[in-house]
Amino acid sequence: MVRQIQYVTNERGDRVGVLLNLETYQQLVISRNDDKILVSLSQGELEALAEIKLGISEQTQLDELLEKNAEGLLDESEMVRLDNLIEKIDRLNMLKARARYTLHKLGE
């Protein structure tokens, strides 16, 4: 999304201020004291991020590894891969939560 920037100038032509659209202003005000807010993302981008999931191949791999783990059949490399997938899911869940939180705050 391209935003047009408008400046306020004094009589000499020096930039002394900037005009912001309401959406940009709200994002700045909301995010000023809240490091959980995701800034510079459009509503559509936030909504997409809030619904992001593992890819099909990674989800399939996760399901297979979890099943093998429940049966106690994982070797060392599979255990590492399972741990990596679980860490990735944790990071995705944090991003999803931040996206939902940002959407909620922008909607207030």
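Figured I'd write up the structure that's included with this text. What you see is a predicted model; the values in this text were computed from it and never measured. (Residues numbered from 1 in each chain as written. Predicted model: local features only at pLDDT ≥ 70, side-chain atom pairs only at ≥ 80, totals over all residues. Heavy atoms only, no water.)

Things to note about the packing of aromatic side chains
Let me state the cut-off plainly: Between the rings of Phe, Tyr and Trp (Trp by its six-membered ring), a pair exists once the centres lie within 6.5 Å; its type follows the angle of the planes, with under 30 degrees stacked, over 60 edge-to-face, and the other angles tilted. Charge-over-ring placement is defined geometrically: NZ (Lys) or CZ (Arg) within 6 Å of the ring centre, and within 35 degrees of the ring normal.
Applying the stated criterion across every chain yields a total of zero aromatic pairs. The ring of Y7 is capped by R15, whose NZ or CZ atom sits 3.8 Å from the centre of that ring.

Here's the deal with the side chain of E58
So the rule is basically this: A run of H or I in DSSP becomes a helix once it reaches four residues, and a run of E becomes a strand once it reaches two; helices and strands are each numbered from the N terminus. Throughout, a contact is declared for two residues whenever any of their heavy atoms are within 4.5 Å.
Along the chain, the position of E58 falls in helix α3 (residues 56–70). Dropping the residues within four chain positions of it, E58 is found in contact with R81, L85 and K88.

Looking at the pattern of salt bridges
This is how the line gets drawn: Between Lys or Arg on one side and Asp or Glu on the other, a salt bridge is scored when a side-chain nitrogen of the former is within 4 Å of a carboxyl oxygen of the latter. Burial classes follow relative accessibility: with a 1.4 Å probe on protein chains only, a residue under 20% of its type's maximum area counts as buried, one over 50% as exposed, and anything between as partly exposed.
Taken as a whole and assessed by the stated rule, the structure comprises five salt bridges. A salt bridge links R81 to E58, with the shortest nitrogen-to-oxygen separation between them at 3.7 Å. With R81 in helix α4 (residues 76–107) and E58 in helix α3, this pair connects stretches of sequence that are 23 residues apart. Taking relative accessible area as the criterion, E58 reaches 16% and is therefore assigned buried. A salt bridge links K68 to E78; the nearest nitrogen and oxygen atoms lie 2.5 Å apart. Of this pair, K68 sits in helix α3 while E78 sits in helix α4, and the two are 10 residues apart along the sequence. A network of salt bridges, in which partner residues are shared, links E58, R81 and K88.

Everything listed is a geometric property; what it means functionally is a separate question.
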